[in-house]
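Architecture at a glance
Spelled out, the chains give:
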Amino acid sequence: METTAKRKPWVNWLLFIGTMVIVFLLGLLASSITQRKAEREYVYKPKVKITDREPRNSIWGENFPREYQTYLQTGDTSFRSDFNGTAYIDALEQDPRMVVLWAGYAFSKDYSQPRGHYYAITDIRNTLRTGGPLKPDEGPQPNTCWTCKSPDVPRLMQEKGIAEFYKGKWAALGHEVVNYIGCADCHDPVSMDLRITRPALIEAYKNMGKDITKATHQEMRSLVCAQCHVEYYFDKKRSDTPEVPYLTFPWNSGTTAEAGLAYYNEVNHVDFTHAMSKAPILKAQHPDYEIYLTGIHADRGVACADCHMPYVKEGGQKFTSHRIASPLVNIANTCQVCHRESEESLRENVTERQEKIKELRDKAETELVRAHLEAKEAWTAGATEKEMEAILKHIRNAQWYWDYAVASHGASFHSPLEVARLLGNTMMETQYARVDLVRVLAKYGKTTEIPYPDIETKAKAQQYIGLNMEQLKKEKDEFLTTIIPMWDQKAKEREDSWTIERN
């Protein structure tokens, strides 16, 4: 007769302990699921109804408090790396050669490194480039200059129409554009999907034969930045909007520097005539997106937001940080997501690339300044337009490549090889111009070296090109103390009249 073997006591204990562990883990899982559901309800339950024209970031922030609080951190100007950062930096004081290179253009008066989106309205009001208009129809700049500064712009474009928005002087809409860059510039108010709110990018895609509505989500995480961080110009020759400074990207044949130059040559566009050399100069704006496209990160599918708006965690919530800033502010959540090197090593990698580009840039700028001075001397000596035609074209090309390289924020890291190539083109075109200038100058008896001016400081450089900075600052001060308070008061009265529908 067979008997059933009894289990040993330790086996029973093992089964009991194992069962308890499983029950405990299942309990943790259930608790986590319940907690996450509760957090989701808390986070995404809207408190206010946001309309399609709501420009105030604080209203959006009521529904998305975590994103809004990180976005407010763009007002922090304490971070300063070896090259730029969020701190205020007077770029002309740092590099006075640029004053001479932009002689005859507003950038020779005032040019600071960007502090961040939080200061978009403050900085455009304060810069000497916008002048000191005391009336709506006064001032050196058009309304188009507001386009990338505020979520009030999509609202106004819907109300007025695109071309009507671009019309008129910059001071005409000062009381309407008061909210700094924010939520409505990039997001749909209902779904929070990324969207394009600036028509110039949509039109540029169409001109290239592309449909921007077919862009993937990952592509959109760069394209919302490309609405503004690009090269552009004000086209006053459109047949449908004559004399209107219509914001346009020169992308018809592509997004490279060469494609842009070819476009501008074809339409015969000139941003300004240089006050010394008389060269027809193109002023590159900030082709950040175009330069980024030529770099290794774009090639690997990394979007702007991956590095400048990393994912962060708060409690059990993972969300996109809206503290839009240099990746060096938060290397652990930006660079080290992909790269396993130490923070120190990664920071050194960035700095090394920037320093080498700075070395090339310094050499290119010095030679380009000399070309402008020598051209001025040639005109003074009696050179003819025919003799100077090819020389001025070389100077135009040289300055375009230089400006394209240095005006792009972060270009020396985004695509150091491309920036080095552009600066190489600058030096090549500059040398072509200077060789021809030697011949012209010699023809008119000028065989000695043209002395390099004392432009070691911004003040000396501005005095050298003939700017009356005292008068410009006086006009700006009057504008800031008399006009800005009226703009703000009108804006407050308008926004106070808006009804907010709360849930």
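My aim in this report is to walk through the structure given alongside it, one point at a time.

Rules used throughout
Residues numbered from 1 in each chain as written. Predicted model: local features only at pLDDT ≥ 70, side-chain atom pairs only at ≥ 80, totals over all residues. Heavy atoms only, no water. Phe/Tyr/Trp six-rings, centres within 6.5 Å; stacked < 30°, edge-to-face > 60°. Buried < 20%, exposed > 50% of the residue type's maximum accessible area, 1.4 Å probe, protein only. Lys NZ or Arg CZ within 6 Å of the ring centre and 35° of its normal. Salt bridge = Lys/Arg side-chain N within 4 Å of Asp/Glu carboxyl O. Helix = DSSP H or I, 4+ residues; strand = E, 2+ residues; numbered from the N terminus. Polar contact = N/O pair within 3.5 Å; in protein donor to acceptor, adjacent residues only side chain to side chain. Pairing = 2+ DSSP bridges. Contact = heavy atoms within 4.5 Å. Axes fitted to C-alpha atoms, helices over the stretch in contact; angles between N-to-C directions. Parallel < 35°, antiparallel > 145°, perpendicular 65-115°, else oblique. Left-handed = near helix turned anticlockwise from the far one by under 90°. Nonpolar A, V, L, I, M, F, W, Y, C, P; charged D, E, K, R; others polar.

We now examine the packing of aromatic side chains. On inspection of all chains with the given rule, the structure shows 25 aromatic pairs. Look at W102 and Y111: their rings are 5.4 Å apart centre to centre, the planes differ by 85°, and that puts the pair in the edge-to-face class. Like Y111, W102 is buried. Ring pairing ties together the aromatic residues W102, Y105, F107, Y111, F272 and W402, which thus form one cluster. The ring of F107 has K283 lying over it, and the distance from NZ or CZ to the ring centre is 4.6 Å.

Within this structure, the stated rule accounts for 39 salt bridges. Note that R155 is salt-bridged to E176, the shortest N-O span being 3.0 Å. A residue pair is termed long-range when its members are at least 10 positions apart, and R155 in helix α7 (residues 152–160) and E176 in the loop between α8 (162–166) and α9 (199–207) qualify at 21 residues. Assessed through its relative accessible area of 3%, R155 is described here as buried. Under the relative-accessibility criterion, E176 is labelled buried at 15%.

Moving on to the side chain of D95. Summarising the element assignment, D95 is placed in the loop between α4 (91–94) and α5 (97–101). One polar contact links D95 to R361, side chain to side chain, over a distance of 3.4 Å.

A few words on the pairing of strand β6 (residues 317–320). Where burial is concerned, the two faces of β6 differ: the one with Q317 and F319 is buried and the one with K318 and T320 is not. Where strand β5 (residues 311–314) meets β6, 4 bridges bridge the pair, whose relative direction is antiparallel. Residue pairing in the sheet places V312 in a bridge with F319 of β6.

This part covers the environment of R502. Within the secondary structure layout, R502 lies in the segment after α20 (469–496). Separated by 449 residues in the primary sequence, R502 and R53 have C-alpha atoms spaced 16 Å apart. Once you skip the residues sitting within four places of it in the chain, R502 turns out to touch K47, V48 and E62.

The subject of this paragraph is helix α10 (residues 217–226). Regarding α10, the residues found buried are M220, R221, S222, L223, V224 and A226. Buried-residue contacts for α10 involve α9, α12 (288–293), α14 (304–308) and β5.

Regarding α7, the residues found buried are D152, V153, P154, R155, L156 and M157. Residues of α7 that are buried sit in contact with α8, α9 and α20. Just past α7, the residue G161 takes up positive phi, approximately 100°.

With that settled, consider the packing of helix α11 (residues 257–267) against helix α16 (residues 385–406). Across the interface, α11 lies against α16 with an axial gap of 11 Å and an inter-helix angle of 135°. Classified by the interaxial angle, the pair formed by α11 and α16 is oblique. Judged by the sense of rotation from one axis to the other, the crossing of α11 with α16 is right-handed. Mapping the contact onto sequence places A257, E258, G260, L261, Y264 and N265 in α11 and R396, N397, W400, Y401 and Y404 in α16. Residue composition of the contact of α11 with α16, by class: 6 nonpolar, 3 polar and 2 charged.

Along the chain, E418 turns up in helix α18 (residues 416–443). Residue class for E418 comes out buried when judged on its relative accessible area of 13%. Discounting chain neighbours no more than four positions away, the residues touching E418 are I291 and T294.

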